[in-house]
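Secondary and tertiary structure notes
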Amino acid sequence: MTEMFKNLIAGEWASAGNASRNINPSNTNDVVGEYAQGSVEQMNDAVAAAKAAFPAWSRSGPQERYEILKKASDEILARKEELGRLLSREEGKTLAEGIGEAGRAGQIFAFFAGECLRLSGEAIPSVRPGVGVEITREPVGIIGMITPWNFPIAIPAWKIAPALAYGNCVVIKPADLVPGSAWALVDIIQRAGLPKGVLNLVMGRGSVVGQALLQHKDVQAISFTGSVSTGRKVAEACIASSPMKKVQLEMGGKNPLVVLDDADLKIAVEAAVTGAYFSTGQRCTASSRLIVQAGIHDRFVEACIERLKGVVIDDALKSGTHIGPVVDQSQLDQDLKYIQIAKDEGGKLAWGGEVLTRETPGFYLQPALFTETTNAMRISREEVFGPVANVIRARDYEEALTLANDTEFGLSAGICTTSLKHATHFKRNSEAGMVMVNLATAGVDYHVPFGGRKGSSYGPREQGAYAKEMYTTVKTAYTLA
Ligand code: NAD
């Protein structure tokens, strides 16, 4: 019998009555492991453990927190090849991408180790004579975290690291589809010297343990990353609970990449192909809408197809693979459904879109490129979350900008141009939280804010020093001298 990876509650590994099988999408005969499926009782125990740990942890000094986060960072970085391999095996992104993501988790912990030592407040004079005012930041309390499958180590890391740095306790429920990387991360952080109960892990179904976390009265805040439909439920539960919970939502995207006639064609094609299809297109920041000016349109499409011909889709762990498989059968079904919808609505499938067979049974899909699409079609409006992108023709820059902003989402947006005037105007007038010039819409730094506008995000930004807006609460104190 395979060993079960357990939940972490009050510093102890706790088994559960049920387990889920974590399957390698590059080879469905390969079982990565059996992972505990927690119960509502376990979630309640985890919150109780966090509550018990909070008074001491919230008053712990910056040096103690720094040392724990730094130690976790060191171990993650030292083991990034092994962690990256696990990530690629369970999620299907290539080994280079998996190792890169594991390394990113280590860098995030190093950054927030430093932030432990940088927390500051303000002392300012009152408008009333003889009174002083201090503004300080305090931990929020117990933070519930719910994370998706597509960045299984980086997203837990960029939520857990700031929460701990600023003195909060954590209960995390990772994606049930891909829990192995989050399990390995929590194991590393716990062994770095964290007091029992400060960090708790409860794996399992969103509708069971996720709901229990959202409804628990002792949880003060929820940080969620996932789809818009789940995000809406999360926000509703946070507002309905008494007291209401602070909430942060990072959700989907339909990110435009504008290519103007004056673009460097090579740069534009690279930004489009890597942005739309790498990591199997399973990125909230994927360049799924390619808005291309008429004068460069045909050359751009032709060059993208040429570039795609050289892309190797295969087992994520094989060297030479550029794009791994889709994460599971249901995501593959969704990708194929949208390919059919785009065809039915009159889009022209210019490249790919067919299921591929490889040495091992897996969910392999040839990246699909549609042309002759409009911004009104469902393929332009709804997030597919797979290696599927469509080209929309634009008359001029002004029309391209209007099309780029004509979406319910607002996570990332890019422009490829050699015009300083248009690049500057686009940066100012794009309705996205992140704007890229001559770069893919996907691919960001870890020390600056991450997040979007409109339907993509809700609440404070994640990452960098801006994370303190989520993980601290401000106190204003008045003293009569
Ligand atoms: P999802 O919404 O299906 O699931 C996200 C998490 O919510 C999972 O842990 C799931 O178990 C949990 N969940 C599901 N139903 C729940 C419920 N009723 N109550 C509580 N928890 C529940 O999303 P997914 O398929 O895992 O991830 C893909 C989505 O994530 C895409 O839309 C993608 O754009 C988005 N995403 C956004 C960002 C970002 O930063 N903006 C980053 C990565 C992924």
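Look a little higher up for the structure.
Note that this is a predicted model, so its numbers are computed, not measured. (Residues numbered from 1 in each chain as written. Predicted model: local features only at pLDDT ≥ 70, side-chain atom pairs only at ≥ 80, totals over all residues. Heavy atoms only, no water.)

So, the environment of Thr 441
So the rule is basically this: Numbering of helices and strands starts at the N terminus; helices are DSSP runs of H or I of at least 4 residues and strands are runs of E of at least 2. Buried residues are those whose accessible area, probed at 1.4 Å on protein chains only, stays under 20% of the maximum for their type, while exposed residues exceed 50% and partly exposed ones sit between those limits. By the criterion applied in these results, polar contacts are pairs of N or O atoms within 3.5 Å in which, for protein atoms, one can donate a hydrogen and the other can accept it, and in which residues neighboring in sequence qualify only through two side-chain atoms.
Along the polypeptide, Thr 441 turns up in the loop between strand E21 (434-437) and strand E22 (457-458). For Thr 441, a relative accessible area of 0% translates into the label buried. Sequence separation of Thr 441 and Ile 23 is 418 residues, and the distance between their C-alpha atoms is 30 Å. A polar atom in the side chain of Thr 441 sits 2.6 Å from the backbone oxygen of Thr 285.

A few points about unusual backbone geometry
Note that the residue after Ser 242, namely Pro 243, is joined by a cis bond; omega there is -5°. Mapped onto the secondary structure, Pro 243 falls in the loop between helix H8 (228-240) and strand E12 (246-250). At Thr 280, a position not held by glycine, the phi torsion is positive, near 55°. By the element assignment, Thr 280 lies in the loop between helix H9 (265-277) and strand E14 (289-293). Thr 280 sits in the buried class, given a relative accessible area of 2%.

Focus: the sheet that holds E14
Operational definition: Strand pairing follows a simple DSSP-based rule, namely that at least 2 bridges must link the two strands. Axes here refer to lines fitted to C-alpha atoms; in helices the fit is confined to the stretch in contact. Angles between the N-to-C directions go from 0 to 180 degrees.
Spatial strand order, E15-E18-E19-E14-E13-E20-E21: seven strands in an open sheet with mixed pairing. The open sheet has two edge strands with one neighbour each: strand E15 (348-351) and E21. Across the sheet, the mean angle separating the axes of adjacent strands is 25° when strand polarity is ignored. Taken together, the three bridges between strand E13 (residues 256-259) and strand E20 (residues 412-416) define a ladder with parallel strand orientation. In the strand pairing of E20, Val 259 is matched with Cys 416.

A closer look at the side chain of Ser 223
The topology assignment puts Ser 223 in strand E11 (residues 221-225). Assessed through its relative accessible area of 0%, Ser 223 is described here as buried. Side-chain polar atoms of Ser 223 contact the side chain of Lys 159, separated by 2.9 Å.

Considering the packing of H9 against helix H10 (residues 294-309)
Quick reminder of the rule: Angular relationships are summarised with four words: roughly parallel below 35 degrees, roughly antiparallel beyond 145, roughly perpendicular across 65 to 115, and oblique for the angles in between. Note on convention: the crossing is left-handed when the near helix lies turned anticlockwise from the far helix by less than a right angle, right-handed when the turn is clockwise. Should any heavy atoms of two residues lie within 4.5 Å, those residues are considered in contact.
Running from N to C, H9 and H10 cross one another at 55°; their axes reach a closest spacing of 10 Å. Classified by the interaxial angle, the pair formed by H9 and H10 is oblique. Relative to H10, the crossing made by H9 is right-handed. In this structure, H9 uses Leu 265, Ala 268, Val 269, Glu 270, Ala 272, Val 273, Thr 274 and Tyr 277 to contact H10, whose residues at the interface are Ile 296, Arg 299, Phe 300, Ala 303, Cys 304, Arg 307 and Leu 308.

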